[in-house]
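Now for the letters of each chain:
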Amino acid sequence: MNAAGTPRRLGLHALLAGVLVLTVLAGGALRPEGGSLAMVWPAAAAATAWVAASWGSVRRVAGVTVLTLLVTGGMQVPDGIPVTLAAVMGLANALEALVAAAVLAAAQRRLGSVPWTLRRPGDLLALVVAAVVGSAVGAAVAGVTTVTLVPGSPWTTGGTWLLRHASAIFVLGAVALRLVDDRGRPWQGLARRVLWRRSAEVAVAALGASAACLVVFGTSQHLPLSFLLVPISVALALRLDTTAVALHVPLVGVLVVALTLDGRGPFALDDLAVRPVLAQAFVSVVGLVSLVLALHRDERRVLLAGMHAAQREVAEQAELLRAVFEATGDALSVYDRTGRMILRNGAAGRLFAGVSADLTDVEQHERLSLEHVDGRPLTIAELPVQRAIRGERVVDEDYVIRPPGLPSRTVSTTVHPVAASERSPWAGAVVSAARDVTAERQAWADTAAARDLYAGILEAATEQAILRCDPDGTITVFNPGAERMTGWPAADVIGRSLRDLHDPDELAAVAATRGLSPESVLWHDALSGWPVTLRWTWLRADGSPLQALLTVSATWDATGRPDGLIALGVDVTEQVVVESQLADSEQRFRAAFDTAPVAMMIVGLTGPSTGRILEVNTTLTRFTGLPDSALLDRDVRALAPPADHATAQDVLAPLLEGLLDVTEAELPFQHADGSVRWGQLSATRIAPDPDGGGVVGAPTEPYLLCLVEDVTARRQAEAELVRLALHDALTGLPNRTLLHERLAAALEADPHGSGVGVLFCDLDGFKEVNDAAGHAAGDELLRHVARRFEHAVRPTDTLARLGGDEFAVVCSDLSGAAELGQRARRLLTALETPVALLGGTFSVGVSIGGAVRTVEGGADTLLDAADTAMYVAKRAGKNRFALHMGGGRAAVLPHPRVPA
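The rules behind these values
- Residues numbered from 1 in each chain as written.
- Predicted model: local features only at pLDDT ≥ 70, side-chain atom pairs only at ≥ 80, totals over all residues.
- Heavy atoms only, no water.
- Pairing = 2+ DSSP bridges.
- Helix = DSSP H or I, 4+ residues; strand = E, 2+ residues; numbered from the N terminus.
- Axes fitted to C-alpha atoms, helices over the stretch in contact; angles between N-to-C directions.
- Contact = heavy atoms within 4.5 Å.
- Phe/Tyr/Trp six-rings, centres within 6.5 Å; stacked < 30°, edge-to-face > 60°.
- Buried < 20%, exposed > 50% of the residue type's maximum accessible area, 1.4 Å probe, protein only.
- Lys NZ or Arg CZ within 6 Å of the ring centre and 35° of its normal.
- Salt bridge = Lys/Arg side-chain N within 4 Å of Asp/Glu carboxyl O.

## As for the sheet that holds strand 13 (residues 662–670)
- An order of 12-11-15-14-13 is seen for the five strands of this open sheet, with the pairing classed as antiparallel. Every other strand in the sheet has two partners, leaving strand 12 (613–616) and strand 13 as the edge strands with one partner each. Here the average twist between neighbouring strands, direction ignored, is 30°.
- Note: strand 11 (residues 599–604) against strand 12, three bridges, orientation antiparallel. Bridging from a neighbouring strand, Val603 pairs with Ile613 of strand 12.
- Sheet strands in contact with helix 22 (residues 645–656) are strand 11, strand 13, strand 14 (676–686) and strand 15 (703–710), and its direction is about 145° off that of strand 13.

The structure is reproduced here in structure tokens:
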């Protein structure tokens, strides 16, 4: 305990010690002349409360128990009680308090209650049992030992002790348990006005109860009128807060006991020893009845509040699902097993406009005239819904529909059967997701046309001199066409200025005409945003002139600044007509590449540029979130997330190594914001002619032309549909289909060994939970059981719900049948603790059948064997494990406890 808590703890113990001293004095004052036992002994409750406050520390409990012995025994010596007798009574009091506190703590722990509180009828039962058992221990010590010291019957002494002490522990203990509990203080959190009203009501009730006690017990009559107080206590229990009810019991007790000892009321018999016994018994009965009613009322309120909260939650979830269903952009429809539509969202109504929602899929087919994309009409057997009803999964298949009075549309359709048990109302139903992909498919066609156009440009440009320059005119690329045209080797030209190829006199004359310097006249217009095509005189390597039609254009980075120049020169000495064609070719090349609706890039295949990105278009920068500068010269495999670099390497390695010319694959791409996007990669290995093939801007070495289509949304939708199809909706566990797949995979990985086993589980007592608390409680129980089973199995095992209250576990890497039995016992142990639900606490078991692969056979054979063994466990008494032994036999194995 921290330093701040130590003073508070010392203060609490000092207070409880003071209360014990006062209650001992009060009890001593009520001891009859010459008697050894007090007629009322509230110190029993004070001692029990002091021990309970010390609970949790063995040293503190022992110290408080010894102090209780000294106080309760030592303070009786001045009253004339012999020292030995006082010591015995002190020991009885101390043991009584220790046992009562221990029994209360153990009982509340077993009932699953909050320790040291009085909130439920079970807590009241625990208090009564603790009071009786503790008082019985004290009575045994006092009754057996006292008769050896003073004359009298041990039964009379013990019985008197038991009733007086148990009554005090019960009545005053109930008050203490309510007051120490934060939830037992009804005045906390109330507005002042409400607090005054409640306080006034409690005061009136207290005065009324006191007045009734005075009327019944305040007269010197012996009529049996005490029952008149019971209806009043019942009324108070049903009206007041439970804490007020607990407080009213000692108030009534004080009045009843005091008036009875004064010789008044129904219990004022001639035998003075019997009077307090009857009075305290009456008070205990009144307290028990009042608190039982009040606590049952509280528990009912809690249950009703929980039920209303659950109803609100279900309604909110249903509204959320409805909103999500309606807000989904895809056209969602649900069909029953006959093919009749039973539900569709707004997107479906818009997509299939003019088609009534109450038609079957066959009738809708007749209205929409469904066709294959090649124009062939669909037969009824080919309808996606009909195929899904037969158990087939239809994924992303395109069809053409012709709604009445509307243009035809291309629709991508995915249809899956609904995973449901045979008794479910959704059994046999299918879910259809469709979306209008008319524009998307047209975009694909346009993309293909642009790709074909780009490829055509690269192949058509065969006789151009292609130069790439920095913005200041420094040549960085000098293609073989330029080498053939000029006779200059690229190595001698790269790094020099574009001006060096020109006739200096002509360059100076044109510059003077336009008012520009000879250094900038060639690329001034290009850098201003306008490609320039002019006829210039170039000088070949041998000094001879060459008439070249030169087109210079700028390239721009993501910020809009020029990052280079592309110069295309055509020898028009012999071919003037080709001049305009080559200029147009260059324009189409840049437009096709930069404006393509799909992401495009060119990847090098030779030398240091192998696997490096050489060119990108704007769509790729948008797709990756990276600018051109971050993409160029980057390894194409590094576009994938780090964890998927190996996958990208496997896909691209055959192309980079020249083993494949074309490939297609879906790959993940790392976006600049950290997210992962999925792209459909189409990569083609291009091997141009050594002279560049005459294609403007094309590399002279082999390269990859890569197109990337964004398929992120489709992948996410597919993943969610697959998850829903392979998992149980109630528990989130794998369903029968996924279990079967994993079992088959485990058997295939271990074809001849016995390292694969199956546990088939069927809950015992589940029907009783449904009958007693309803199907909602049954569903809640199944979720609790699923979580417990998840903690009991290994991460490598597959836990599945097969339907109803049936579960199964696929266990791999087994050393034999003995290890399978150990795993079954962990499942049995997982259900030893009762399950606490809103509708109550329930105990359920599980009958488990196990089978280990010992002979050749598939997944169905192994599951059937485990199922057979499970029924053997059922017949053997349930809540146990039976192992299939072959030949239709199964052995029931013992169920020892397994350490947690």
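## Brief notes about the packing of aromatic side chains
- Taken as a whole and assessed by the stated rule, the structure comprises three aromatic pairs.
- Aromatic pair Phe623 and Phe669: ring centres 5.4 Å apart, planes at 70°, arrangement edge-to-face. Residue Phe623 is located in helix 20 (residues 618–624), and its partner Phe669 is located in strand 13; the two are separated by 46 residues in the primary sequence.
- Judged by centre distance (5.6 Å) and plane angle (85°), the ring pair of Phe789 and Phe807 falls under edge-to-face. With a gap of 18 residues between them, Phe789 in helix 26 (residues 775–792) and Phe807 in strand 18 (residues 806–811) connect regions that are remote in the sequence. In terms of burial, Phe789 and Phe807 fall into one category: buried.
- One residue, Arg496, lies across the ring of Trp488, its end atom 5.2 Å from the ring centre.

## Quick notes on the pattern of salt bridges
- Scanning the model with the defined rule gives 19 salt bridges in all.
- For Asp396, the salt bridge goes to Arg714, with nearest N and O atoms at 3.8 Å. Linking Asp396 in strand 3 (residues 394–401) with Arg714 in helix 23 (residues 712–726), this pair joins segments that are 318 residues apart in sequence.
- The class for Arg714 is partly exposed, based on a relative accessible area of 21%.
- Each of Arg794, Asp797, Glu819 and Arg823 takes part in salt bridges that share partners, so that together they form one network.

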